[in-house]
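Descriptive analysis of the structure
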Amino acid sequence: MSNAGNNISFSTVLPEDRVPLPPPDADIKPTACDYCIVGCAYRAITWPVGKEGGPKANENAFGVDYPITESLVGSWPSPNQHTIVLKNGEPHHCIVTPAISERVNRSGNHSVRGGGIAQKCYSPWKPTADRLQTPLLRVRGYLQPISWEDATTIAAEVGRYVFDKYGEMAYGVKAYSYQFYENTYAITKLALQSIETPVYAHHDKPSAQDDASGLEDMGIDTFGPSYDDWAESDVIFISGTDPYETKTILFTEHIMEGRCKLVMVLPRKSRGVTWAEENDGIWLQVTVGTDTILHNAMCRYIIEKGWQDQHHIDEWAAGSEELDWGMGRGTRNTPWQWRSTRWGKSFKKWKKWLLKEKYAEMGYAVKMTGIPRKKIIAACKLLTGGGKKRRPKASFMLEKGNYWSNNYLNTISFGNLAIICGAGTRDGQVIGRAGGHQRGGVSAASYPRSKTPERFGKIGRKALNVDNWVRTGHVRFMWVIGTNWIEAMQGSQDLGDYIKAHTSASKHQIERFEVEHAIQVLKARADAGDMVLINNEIYLRTIGNQFADLVMPAATWGEEDFTRAQGERILRIYSKFYDPPGDAKPDWWIIAQVAKKMGFEGYNWKTSEDVFKELGRFTRNSRQDLAPLLMWAKLNGKQPYDVLRQRAATGYQLPLRLHNNRLIETKRLHNPHVHIESPQGISTKLKRAGSFTKPSGKLILHVADWKLFEDYYERIKPKKEKGELWVTCGRINAIWQSVFDDLRKPYIMQKHPMNFVEMNPKDAKARGLKNGDIVAMENDEVYIQKGGFYRARHKDFLFTNLEKDGYIYKTQGSASAMVYVTSVVPPGTTFMYFMWPGGGASNALSSAVADPLTNAPRYKLGKAVFRKIGTIPDHLKARMTFKEKA
């Protein structure tokens, strides 16, 4: 079994040669995959060890005669779909296998990730045996077991002390935004409702801002499309993601079956790109970070040719008067208001800007993006029909490669392109995110933006950059929940150095097990300006292992009843089907115990379903409006979890409406043909179901000014004279997130024993590198922003001016990885997995200077020089493949 803190895993596959069949009376629970946004339907089957089903149909839970001679989906469990778990304290066989869903995995297919999800389950006899099982307190530098009573008392007493003495700006929460409704609701109830702290950030960002901020400003709900829309498109413009690699079933069962053509914008030739090119699509191999220039040039060329969908623009693009709807007379502090006030335009004015903008000229785009002119023009023709009478149905999909390099400008220019091509409101003509995690976020309160010191110019508050706030010494208590805070952030090693200096390296350390002693020591640390760190996790990761004062074990998927929606807003229940490890508890329970001891009311939940019943009203008028489900269940004498269990794989497509005692689902948002019935017994507006989200109900075109990004981009670009290469990053098909499960899956670790870096053969040859070489990657220009929260003028937020005024300092970053020589990446650019723990973290190589308009990160813009420091051991190399990926 591998150690999460090491860069190399030495796991070895010991394959099973048989899988027992479940008997007819096996317990079958509905669930869904825990991994990507698609959320394929699954069923978990458990039965006692020592009991097995037989080969005849009446002898097994599948109702199938074995051996089977044809493919019967879900009836042939593979060894990776079988494990041994504890249930009611006794060993049980467990099979987790796909279920046929009429909506998602309609043929019962699965990705390589989901197909092995049974291996994530805690088992005392498997590599998952190192799950956290009891609260741990750091005493004399070592994590030692303590009781829940003591753990929650320490967290509550110290947290309350910091809150009372130093205020909410000293109390921080860093937590997943995606996990399950019950947990995210509880976390935000404490952070945003009870404490009202703006020092709150999502797992994958330094702040609590929208991912695709530009689309949100335009009036687009980024999860508005249904999967049928992608399938019904004639052409899809896909920016910054490969759905095959990262959302496999969306690609194979929807996009591929729809036979649409793809325009894929990526710097790396992934498997999906290969399929696109083989099926009359186009690959635009964009230089890292230059998507805005590409989008602007495409918009300009389409406008100059008269290929835009003018009817769609006239109907759905906001005019000059409509731009001001909903602004009011006060200061325009809401992000979309102040950004749209400055950069929002009517089509007429936007067109005038575009045709004069030098950074939108085709020649400049060819130079900066590296894409040949003829390919850009071909893409414009494919998206618009090139002046033909029948326009193709064009849809637009984006993800992290787009918005995590140049967040606002990339997403706003992407949206502009989509609007003029006619996308946004119709079957097969939609705009949205492909998605990363499933959508399990429900907030118990609005983000307290009025309290954040972050201001853009004379108007415009932003969500607080928590990393910056921490580095400036303002945070004395930090609760980190379900995220690798350090490795997940830019300038990660610099952030780690700060956290270490103010936690485990502080002179105020717990010396004894007495609760009162621990409380007084941690209070003294906070008074000294250092930081108390609490961590909820399922495994010991960097935060818990090295820095946390208190680690609390969390129960997760399969270990408690939870709910959430997936990428097309389908709500389902994720059933409990086995025991959590030891005394692990769901995060909502942990939050509730601490909150009650802090003196806050409203946390008297007994079950997950209690939390679910409360959170429903906080989903009203959102894309996840499930309040009608709670009303319907109450009217019909049912419990909401039972209703969801009955729906199993089908679930409910949100938002819901209730009419004549019937729950009505919403297939697509922004659909003007949706008839919104009068709701029954509940106040629900559901405006976004029939129009766009802004007050006018229309879309807002925006200026996408490259000059806001230009000076930063020029500074952080690789310098050829130093031998630097771009280091961009992302997901691959076989691995999920921070490798927390995959480190414990030997069949994955045999292929990926450490992080890899893909390098073009020309770059490898120039550096004397070969497949399997281990390299040090070093960047001596990692820029960190410290302070500069309020700047009077807009231009003060440009990188050059932040640096001139003393808010930028320079440090170094390093990582190590194994070389994989392949032509899928172009010369000058390398690619590595984005969240490998320990020394393989790519974010050490990118600068911690957030997008000034949104505070979004720029993870994709790392760089490094490369130096060989070793070679992968022969016994590991023998199990791997270095075949050309292109």
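Residues numbered from 1 in each chain as written. Predicted model: local features only at pLDDT ≥ 70, side-chain atom pairs only at ≥ 80, totals over all residues. Heavy atoms only, no water.

1. Looking at the nonpolar core
Side chains of a nonpolar character, in soluble globular proteins, are inclined to be buried together. Among the nonpolar cores identified, the biggest contains 253 residues, and L190, L262, M298, F396, W479 and W485 are the most heavily contacted of them. Other than its neighbours up to four places away in sequence, M298 contacts F237, L284, I376, A379, C380, L383 and L417. Counting 16 residues, the second largest nonpolar core, distinct from the first, contains V757, V775, V819 and L845. (Core = buried A, V, L, I, M, F, W, Y, C linked by side-chain atoms within 4.5 Å. Buried < 20%, exposed > 50% of the residue type's maximum accessible area, 1.4 Å probe, protein only. Contact = heavy atoms within 4.5 Å.)

2. Things to note about the sheet that holds strand 10 (residues 261-265)
Across the sheet, 5 strands lie side by side as 11-10-9-13-14; this open sheet has parallel pairing. In this open sheet, the two edge strands, each paired with only one partner strand, are strand 11 (282-284) and strand 14 (431-433). For this sheet, the mean inter-axis angle between neighbouring strands, taken without regard to orientation, is 15°. In this structure, strand 9 (residues 235-239) lies alongside strand 10, joined through 5 bridges in parallel fashion. Paired with S239 across the bridge in strand 10 is V265. Running over the sheet, helix 7 (residues 271-278) touches strand 10 and strand 11 and is turned about 135° from strand 10. (Pairing = 2+ DSSP bridges. Helix = DSSP H or I, 4+ residues; strand = E, 2+ residues; numbered from the N terminus. Axes fitted to C-alpha atoms, helices over the stretch in contact; angles between N-to-C directions.)

3. Overview of helix 2 (residues 181-194)
Taking 1.5 Å of rise per residue, the 14 residues of helix 2 would be expected to cover 20 Å, and the 18 Å separating its terminal C-alpha atoms lies within 8% of that figure. At T188, helix 2 shows its largest kink, close to 30°. Phi turns positive, to about 60°, at E196, one or two residues after helix 2. (Expected span 1.5 Å × (residues − 1). Bend = angle between axes of the 7 residues up to and from the residue.)

4. Description of a positive patch on the surface
On the surface, K348, K349, K352 and K356 cluster together into a positively charged patch. Topologically, K356 is positioned in helix 11 (residues 347-356). Take K356: its relative accessible area is 66%, and that puts it in the exposed class. (Patch = residues over 30% accessible without salt bridge, like charges linked within 9 Å, V, L, I, M, F, W, Y side chains within 5 Å. Areas by Shrake-Rupley, 256 points an atom, 1.4 Å probe, with all protein chains shown as cover. Salt bridge = Lys/Arg side-chain N within 4 Å of Asp/Glu carboxyl O. Lys, Arg positive; Asp, Glu negative; His and termini not counted. Charge placed at Lys NZ, Arg CZ, Asp CG, Glu CD.)

5. Notes on the layout of surface pockets
Size it by volume and the second largest pocket reaches roughly 500 Å³. Of all the elements in the fold, those that place two or more residues in the lining of the second largest pocket are helix 12 (362-369) and strand 25 (725-730). The biggest single contributor to the lining of the second largest pocket is helix 12, with 3 residues. Tallied by class, residues from the lining of the second largest pocket come to 8 nonpolar, 7 polar and 5 charged. The two domains that each donate at least three residues to the lining of the second largest pocket are domain 3 (213-438) and domain 5 (710-879). (1 Å grid on protein atoms, 1.4 Å probe; cavity = no way out; pocket = protein on both sides within 12 Å on 5 of 7 lines; lining within 4 Å. Points joined across faces, edges and corners; volume = space filled by probe spheres on them. Nonpolar A, V, L, I, M, F, W, Y, C, P; charged D, E, K, R; others polar. Domains from an automatic or database assignment.)

6. Focus on the domain arrangement of the chain
According to the domain assignment, the chain consists of domain 1 (27-130), domain 2 (136-197 + 440-560), domain 3 (213-438), domain 4 (606-690) and domain 5 (710-879). Placing the centre of domain 1 and that of domain 5 at their C-alpha centroids yields a distance of 37 Å. With 11 residues of domain 1 at the contact, the number on the domain 5 side is 10 residues. Surface buried jointly by domain 1 and domain 5 totals about 1000 Å² across both partners, of which 55% is contributed by carbon and sulfur atoms. Summed over the three residues of domain 1 that lose the most area to domain 5, namely Y35, V112 and R113, the buried surface amounts to 46% of that side. Joining domain 1 to domain 5, the criterion identifies 2 salt bridges. Salt-bridge contacts for D741 lead to K120; the nearest nitrogen and oxygen are separated by 2.8 Å. Where domain 1 meets domain 5, there are 5 residue pairs in polar contact (both at pLDDT 80 or more). Grouping the amino acids of the side of domain 1 that touches domain 5 by side-chain chemistry returns 4 nonpolar, 4 polar and 3 charged. (Buried area = accessible area lost by both parts, 1.4 Å probe. Polar contact = N/O pair within 3.5 Å; in protein donor to acceptor, adjacent residues only side chain to side chain.)

7. So, the environment of I534
When you line up the elements, I534 lands in strand 17 (residues 532-537). In this structure, the C-alpha to C-alpha distance between I534 and I481, residues 53 residues apart in sequence, is 8.2 Å. Beyond its immediate chain neighbours, meaning those up to four positions away, I534 contacts F477, M478, W479, V480, L550 and M552.

8. Topic: the pairing of strand 10
Strand 10 sits mainly inside the fold: 4 of its 5 residues count as buried. With 3 bridges connecting them, strand 10 and strand 11 associate as parallel partners. From the neighbouring strand, V265 faces strand 11, where its bridge partner is L284.

9. Some thoughts on the packing of helix 8 (residues 291-305) against helix 11
Viewed as axis vectors pointing N to C, helix 8 and helix 11 meet at an angle of 110°, and their least axial separation amounts to 10 Å. Taken together, helix 8 and helix 11 sit at an angle that is classed as roughly perpendicular. Contacts between helix 8 and helix 11 involve N296, C299, R300, I303 and E304 from the former and F347, W350, K351, W353, L354, L355 and K356 from the latter. Here the contact of helix 8 with helix 11 is composed, by residue class, of 7 nonpolar, 1 polar and 4 charged. (Parallel < 35°, antiparallel > 145°, perpendicular 65-115°, else oblique.)

10. Things to note about the sheet that holds strand 29 (residues 808-821)
Around the barrel, 6 strands lie side by side as 25-30-26-29-27-31; this closed barrel has mixed pairing. Put simply, the sheet's adjacent strands are angled 45° from each other on average, direction ignored. Where strand 27 (residues 773-785) lies against strand 29, 10 bridges are found, and the strand directions are antiparallel. By the bridge assignment, E778 is partnered in strand 29 with S814. Helix 18 (residues 492-502) rests against strand 27 and strand 29 of the sheet, and its axis sits at about 120° to strand 29. Where helix 26 (residues 707-716) meets the sheet, its contacts fall on strand 25, strand 27 and strand 31 (862-871), and the angle it forms with strand 27 comes to roughly 145°.

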